[in-house]
Amino acid sequence: MSTKEAPQQSRLLRGVHRTLTGLHPVLESLIAALVGLLVGAILMSIWGFHPWKAYFALIQGAYGGSYEWASSLSRATPLILTALTFSICLRAGMFNIGAEGQMYMGAIAAVCITYFTLPPGLHHIVGLIFAAVVGAAWSLIPAALKLMRGVSEVISTIMFNWIARWLALYLAIYVIVDPLRPEKTLSIPLTARFPILVPRTDLSYGIFVSIGFALVIYFLLWHTATGYELRAAGLNPSAARYGGIRTKRTMFLSFILGGIAAGLAGATIVMGLPPTYAVYGGGGLPQLLNMGFDGMAVAMVGRNHPIGIIVAAVFFGGLNAGGRVMQFYGSNPVPLEMVRVVMGAIVLAMSIPELIRLFPMAKKGGQKLIQSLRRATRGTIEEESA
Amino acid sequence: MNFSDIISLLRISLHAMVPLALTAVGEIVGETAGLFNIGLEGILLMSAFAGAIGAEAGGPYVGLLVGMGVGGAMSLLFALINTYWKGTQMVTGIGINLFAMGFVAFGLIQLGAPGFHDVPRAVSLFKIRTPIGLYSPVILLALILPFVIHWFLKRTRAGLMLKAAGEMPEAADVAGINVNRIRLLAAVFGGAMAGLAGAYMSVAWLGLVTKGLSAGRGFIALACVVFSGLNPLLALLAAFIFGFFQALAEWVKTLPSKPIPGEFVSMLPYIVTLLVVSGAIGRVRFPKFLGTPYKRE
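It should be emphasised that the depicted structure is a prediction, and the values quoted were computed from it without experimental measurement. (Residues numbered from 1 in each chain as written. Chains lettered and ligands numbered in written order. Predicted model: local features only at pLDDT ≥ 70, side-chain atom pairs only at ≥ 80, totals over all residues.)

Chemist: Before we move on, can you summarise the overall build of chain B with the specific residues and values?
Modeler: What chain B contains, in helices and strands, is 11 helices and four strands. For chain B, the residues scored as buried account for 54% of the 297 residues in total. Pairs at least 24 apart in sequence give 80% of the contacts found in chain B among residues at least 6 apart. (Helix = DSSP H or I, 4+ residues; strand = E, 2+ residues; numbered from the N terminus. Buried ≥ 20, exposed ≤ 12 C-beta atoms within 10 Å, placed from the backbone. Contact = placed C-beta atoms within 7 Å.)

Written as structure tokens, this is what we have:
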């Protein structure tokens, strides 16, 4: 054995050790997801459903083929963005529960581009900019209230969600309404619709907006000085302030970035979701409803990291897409709402740090395995270090 | 607007005040001990649903008790995660809200009608007849409870222990107080009060369950707590103010002349909440260890 291999091997061992004793983030997310699915299964069997049949239908409907994958990805598109809203602010030390309202305003702003004609391409960009600006503006009010009056952002963003909901309903019903079909707003013109990516599905090029923005945020937070300041302010505000970071600025920045993400989420829904490309005022904004709240679950499971969020969004998008199949599955139709129960249980499980420690058996077993592995390799490592 | 309108407006305000006051007072006890529960919204919704089912099975009292039990149990889970298991309180609260939203919508579908469920008049709680209308006895409780809790927090040993657990858990621990158990008990009481508030909405007040029944009341109750600075009497006042604006919104909506579009009227309670909270803040001070789990060195 060469001198190079030994430290590598011990590093690998340490990795395995961390994985098995519960400090590994990916494993934690996986366990939380399993716990959530288990809670869902227990509830389903209490209500008299057959849980494994339902989950089979759900997984079939989520990842069973290219059509299913496309619809899962299409549902993941806005979730990635609303999850980013929550995560960016959490990284900066703030709880922004306002993705829901910021997304409503973004969607309404995107619909407003029907009032003028532009060549395709430019029209898309203008729509996205509209949504981003309005989303950011909507999230700036709670940020300003926090800075100037010290109002907890949790309460103010939630109040702004309700205000945004009623404002969006008002605008959708009375102002930008389609005169021929009063239950919906004007449709986005052809020049501003995102083209469909996979034929005969509802997956559009909007997914590239989501993934692109997630990558931009990743780069910004982990590879620029501004991002470093933002994360430092979130980890330890007083230390960051002593270090010369202007925490008020990073707070504002996180809310602006979060608002942009939520606004873009609204835009990807109205500009990229066939068949009508419009917001439905009648029925209370059904395509937009709860996307912001689901985004928080995605952010948690994605460990507030842009790359993790993309993976988690595909999982949750799959739950939503598969849930639609599950509710019409033959003799065992489980209502779609079960999906949200599972999401809630997953978030509850995620809130327990080092979840695996609650399973002492698993921990003990893991440690024993590590010890025996270590004993087996100790001889060679000690030989090298000596 | 004549005299009878004002009376009916105040009457509805009193009704709307009850869930806010009960939830806020329960949350004050929890926050004094150091637990910040944003899952109140979900607890209200779940207990309204459970209370309705309980009432249909065994009458109004069973309904209220089931509501309290479900609220207490959910809060117990919240407290367990955030004391012994050192969880993140915000995230737990968000999880409870998501779970409740899904569970109630799911349960309503299982009961027959998607979206809403009527509680039969026969199992609604009795009402006290007074010269100015019918009142539920729960209103009386909501008016008395803040005074009791105020006395409890200010004048009793247990109240002081509660404060120590939130203000200086380490000192409390050294003094022989079991911080985690105190927090657990406080949270269960808070959850039971929120549960009573939820069951009151479905069993005694509105007589129905919808999947959006709580309509932000849990968060408005949190705003009451923020406004009050953990003083139960001020929380009662705040609950009445917010209840009044909810009643006002409902009243304006029923006016035949429709002076303002309904959507804007519906915004009113939330806007008032924001204004009141941003006006009141600054002078209030919260326990030092609010929101952080206690870890022994």
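Chemist: A description of the confidence of the model for chain B should follow, citing residues and the corresponding values.
Modeler: For chain B, the mean per-residue pLDDT works out to 83, and 95% of the residues sit at or above 70. For this predicted complex, the interface score ipTM comes out at 0.85, while the overall pTM is 0.85. (pLDDT = per-residue confidence, 0-100.)

Chemist: Describe unusual backbone geometry, and please don't skip the residues or the numbers.
Modeler: Residues and elements named next belong to chain A. For R303, which is not glycine, the phi torsion reads 55 degrees and is therefore positive. When you line up the elements, R303 lands in the loop between α12 (291–301) and α13 (306–326). At N304, a residue that is not glycine, the phi angle is positive and equals roughly 55 degrees. Within the secondary structure layout, N304 lies in the loop between α12 and α13. The exposure class assigned to N304 is buried, which follows from the 20 C-beta atoms found within 10 Å.

Chemist: I'd like a description of the nonpolar core, backed by residues and values.
Modeler: If you look at the biggest cluster of nonpolar residues, it comprises 223 residues, and the most contacted ones within it are A:V270 and B:C224. Beyond its immediate stretch of four places on either side in the chain, B:C224 contacts B:L20, B:A24, B:A235, B:A238, B:A239 and B:F242. (Core = buried A, V, L, I, M, F, W, Y, C linked by C-beta atoms within 7 Å.)

Chemist: Which residues make up helix α2 (residues 40–58) of chain B, and what are the values?
Modeler: Residue and element names in this part refer to chain B. Between its first and last C-alpha atoms α2 spans 26 Å; for 19 residues at 1.5 Å apiece the expected length is 27 Å, and the two agree. Within α2, 16 of the 19 residues are buried, leaving the element largely enclosed by the surrounding structure. Immediately beyond the C-terminal end of α2, within one or two residues, lies G59, with a positive phi of roughly 95 degrees. (Expected span 1.5 Å × (residues − 1).)

Chemist: Just give me the short version of the interface of chain B and chain A, but keep the residues and values in it.
Modeler: Contact residues are listed per partner, giving 39 residues for chain B and 37 residues for chain A. At the level of secondary structure, the elements contributing two or more residues to the side of chain B that touches chain A comprise α4 (89–110), α9 (217–228) and α11 (262–280) of chain B. Broken down by element, the residue count for the side of chain B that touches chain A peaks at 15 residues, all from α4(B). Taken together, the residues that form the side of chain B that touches chain A break down as 26 nonpolar, 11 polar and two charged. (Nonpolar A, V, L, I, M, F, W, Y, C, P; charged D, E, K, R; others polar.)

Chemist: Explain the packing of helix α4 (residues 66–91) of chain A against α13(A) to me, and be specific about the residues and the numbers.
Modeler: All names here are of chain A. The interhelical angle for the contact between α4 and α13, taken along N-to-C directions, is 130 degrees, at an axis separation of 7 Å. Between α4 and α13, the angle is such that the two are oblique. The handedness of the crossing between α4 and α13 is right-handed. On α13, the residues touching E68, S71, S72, L73, R75, A76, L79, I80, A83, L84 and S87 of α4 are P306, I309, I310, A313, V314, F316, G317, G318, N320 and A321. Its residues assigned to classes, the contact of α4 with α13 comprises 13 nonpolar, six polar and two charged. (Axes fitted to C-alpha atoms, helices over the stretch in contact; angles between N-to-C directions. Parallel < 35°, antiparallel > 145°, perpendicular 65-115°, else oblique. Left-handed = near helix turned anticlockwise from the far one by under 90°.)

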